[in-house]
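Tertiary structure, described
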Amino acid sequence: MGSAHRIGVVGLGVISRVYLETLAAAPDAEITAVADLDFARAEAVATGLPAARALSVAELIAADDVDVVLNLTIPAAHAEIALAAIAAGKDVYGEKPLAASYADAEAVVRAAAAAGVRLGCAPDTVLGTGIQTARAFIDAGEIGRPLAATAVMATPGHERWHPNPDFYYQPGGGPLLDMGPYYVTALVQLLGPVAWVTGAGSRLRSERVIGQGPRAGEAVPVAVDSHVTGILGHATGALSTITTSFDAVASTAPPIEVHGEAASLIVPDPNNFDGAVSVRRLGSADWEVLSPLAGIAGAARGAGLLDMLRTSDGAEPRASGDMGLHVLEVMAGLLESAETGSRVEIRTSPQRPPLVPLA
Ligand SMILES: NC(=O)c1ccc[n+]([C@@H]2O[C@H](COP(=O)([O-])OP(=O)(O)OC[C@H]3O[C@@H](n4cnc5c(N)ncnc54)[C@H](O)[C@@H]3O)[C@@H](O)[C@H]2O)c1
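So, here is what we can say about the structure in this document.

Conventions used here
Residues numbered from 1 in each chain as written. Predicted model: local features only at pLDDT ≥ 70, side-chain atom pairs only at ≥ 80, totals over all residues. Heavy atoms only, no water. Helix = DSSP H or I, 4+ residues; strand = E, 2+ residues; numbered from the N terminus. Buried < 20%, exposed > 50% of the residue type's maximum accessible area, 1.4 Å probe, protein only. Contact = heavy atoms within 4.5 Å. Areas by Shrake-Rupley, 256 points an atom, 1.4 Å probe, with all protein chains shown as cover. Lys, Arg positive; Asp, Glu negative; His and termini not counted. Charge placed at Lys NZ, Arg CZ, Asp CG, Glu CD. 1 Å grid on protein atoms, 1.4 Å probe; cavity = no way out; pocket = protein on both sides within 12 Å on 5 of 7 lines; lining within 4 Å. Points joined across faces, edges and corners; volume = space filled by probe spheres on them. Nonpolar A, V, L, I, M, F, W, Y, C, P; charged D, E, K, R; others polar. Core = buried A, V, L, I, M, F, W, Y, C linked by side-chain atoms within 4.5 Å. Phe/Tyr/Trp six-rings, centres within 6.5 Å; stacked < 30°, edge-to-face > 60°. Lys NZ or Arg CZ within 6 Å of the ring centre and 35° of its normal.

Let us now look at the overall build of the chain. The helix and strand tally for the chain stands at 9 helices and 17 strands. Dimensions of the chain, computed from the C-alpha atoms along their principal axes, are close to 60 × 45 × 35 Å. Residue burial in the chain is summarised as follows: out of 359 residues, 53% are buried. Relative to all contacts within the chain whose residues are 6 or more apart in sequence, the contacts with residues 24 or more apart total 70%. Summed over all atoms, the accessible surface of the chain reaches about 14800 Å², with 55% contributed by carbon and sulfur. Both charge centroids of the chain, one from 23 positive and one from 39 negative side chains, sit 3 Å from each other.

Printed below as a string of C-alpha cells:
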C-alpha cells in the first residue's frame, strides 16, 4: 500500500459508514486517521480500520501521513474544516453542500486555488449510470434541442429516520440545501450551467418531532423553509422547475423529467447512482427503457473522491469544488429570491465535467 492515497476522515456520523466501505474496497486508498468532535466515536471507528488511528481534528489536519481530508461533518462545519485542511496543504473532498453559505463556499474555493490543492465536493451520485446515461443520450442529440426540465424531491422529512436531525432544520439545512444538491447538480449535468433563478418558500410548522432513536419524541425547532420551489434559467435558454419539500407525505412525480423538441426523458433519482432512464419519442405511444450508455455502474458514495484521487494532476475532478460552488450559488439564489421576491442572476458558470465512460 506504499503508494496509496492517505486519507484522513473528519466526521464519523451516519454517512461515514458507506464512505468507509467504498474506501476499504479501493486498493489505491488507505484511511490513516479519523477524527470527530466525539473522540470516543473516532476511537471506535479506528479499531475497525487496520491503518488508522483516532486523532483530534487539529492533529488529523496537521498529520504528515494524511494527504487528503475527507470532510463528512455537518454543513455548518464544512467550511471551517475545509479551510483548515487547505491551510495545511491538504487536498479536500467534502460532503454537500460545499458550505452553509455561498460566501463561505467561495472562500473555500478561493483558498484551494491559492494553495494549489484539489477540492472535490459531493454529490457524486451524478457520476453513476442514471444521470450519465441521460446526459449521454441528450448530448448525442437524441431528444433534439433540450427545452425544459422538472425536478421534484418531496418527502415527509428526515426526522422520521435520522437520530439527530437538528441540522436539517437549521441554516445550511432545509430541503433545498440538503437534497437540492443532487437535483441541481443533475440539472447542470443535463442542461448546463444556470444563469438566473426565481424562488419561493414556506415554513408552516415551527417544530418537527424526531421519529426514531434515543431522542424519539423530542421536538426540534425549524429555522428554515421546509418547502422550496423555483425556476432555474439555464444559460442555453432551457428552463427547469424544481420543488424540494420536507412537507409532503408522498409523491408520484418522477424525480426528473427532461423535455426536448424530439423526445421526453424520465431520469432516475439523482440521490442514487443507478436507475433506469426512459424515453418517449414524439409520435410514439410508449416509453422505452434505455440500456446504460455512460457512468460508473454499481458505484457508492466515495466514487467522486476516488475520481479526484485518480484524476491526473492539474485536471479538475468531476465532482469538483467549482461545481459545488455553482450549485450552492443556485440554491442560495433560490432562497434569496424566495425572501425578496426578485429574480437573482447567477455569476458562476462552471464547465460541465467530461462524461463518465461506462464502467
Ligand atoms: N445521512 C445521510 O443519509 C446523508 C446522505 C448524503 C449526504 N449526507 C451529508 O453528510 C454530512 C454528514 O451527515 P450525517 O448524516 O453523517 O450527519 P451526522 O450528524 O450523523 O454525523 C456528523 C458527524 O460529524 C461530527 N462533527 C460535527 N461537527 C464537527 C466538527 N466541527 N469537527 C469534527 N466532527 C464534527 C459529529 O460529531 C458527527 O459524528 C452532511 O453534510 C449531510 O448533508 C448525509
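Attention now goes to helix α6 (residues 129-139). Within α6, 10 of the 11 residues are buried, which leaves it mostly tucked inside the rest of the structure. Those residues of α6 that sit buried are Thr129, Gly130, Ile131, Gln132, Thr133, Ala134, Arg135, Ala136, Phe137 and Ile138. On its buried face, α6 sits against β7 (146-154), α7 (174-191), β13 (256-260), β14 (263-267) and β15 (278-281). Backbone geometry just after α6 places Gly141 at a positive phi near 85°.

A few words now on the layout of surface pockets. There is about 1100 Å³ of room inside the largest pocket. In this structure, the largest pocket is lined by 42 residues; those nearest its centre are Gly13, Leu72, Thr73, Ile74 and Phe167. Of all the secondary structure elements, the ones that give two or more residues to the lining of the largest pocket are α1 (16-24), α3 (57-62), α4 (75-87) and α7. Looking at side-chain class alone, the lining of the largest pocket contains 20 nonpolar, 12 polar and 10 charged residues. Here the second largest pocket defines a volume of roughly 270 Å³. What lines the second largest pocket is a set of 17 residues, and nearest its centre among them are Arg203, Val224, Asp225, Leu335 and Glu339. Broken down by secondary-structure element, the contributors of at least two residues to the lining of the second largest pocket are α7 and α9 (321-340). Split into classes, the residues belonging to the lining of the second largest pocket amount to 9 nonpolar, 4 polar and 4 charged.

What follows deals with the nonpolar core. With 77 residues, the main nonpolar core has Leu60, Leu190, Ile256, Val258 and Leu265 as its most contacted residues. A total of 11 residues in this core trace back to one element, the largest contributor, which is α7. Not counting residues within four places of it along the chain, the set of residues in contact with Val258 comprises Ile138, Ile143, Ala148, Ala149, Leu190, Leu191, Ala263, Ser264, Leu265 and Val267. Listed in part, the 26 residues of the second largest apolar core include Leu23, Ala26, Ala29 and Val68.

Empty space among the atoms becomes apparent when a probe as large as a water molecule is rolled across them. A complete count under the given rule lists 2 cavities of 30 Å³ or more for this structure. Computed from the structure, the largest cavity encloses a volume of approximately 90 Å³. Along its surface, the largest cavity is lined by 16 residues, and Cys121, Ala122, Pro123, Thr185 and Gly324 are the ones closest to its centre. Elements that contribute at least two residues to the lining of the largest cavity include exactly α7 and α9. A per-class count over the lining of the largest cavity returns 12 nonpolar, 3 polar and 1 charged. The computed volume of the second largest cavity comes to approximately 60 Å³. Looking at the second largest cavity, the residues that line it are Asn71, His78, Ala82, Val92, Tyr93, Gly94, Glu95, Leu98, Val108, Leu119, Gly120 and Cys121. Sorting the residues of the lining of the second largest cavity by element identifies α4, β5 (91-94) and β6 (119-121) as the ones contributing at least two each. In terms of residue class, the lining of the second largest cavity is made up of 7 nonpolar, 4 polar and 1 charged.

Okay, the packing of aromatic side chains next. A ring pair, where both rings are aromatic, is described by two values, the distance of the centres and the angle of the planes. Scanning all chains against the criterion turns up 3 aromatic pairs. Each ring, one from Tyr168 and one from Phe246, has its centre 6.5 Å from the other, and the planes form 85°; the classification is edge-to-face. Separated by 78 residues along the polypeptide, Tyr168 in the loop between β7 and α7 and Phe246 in the loop between β12 (239-245) and β13 bring together distant segments of the chain. Here the two residues Tyr168 and Phe246 agree in accessibility, since each one is buried. Residue placement shows Arg343 over the ring face of Trp196; its charged tip is 4.0 Å from the ring centre.

Interpretation note: all reported values are geometric properties and have no functional meaning in isolation.
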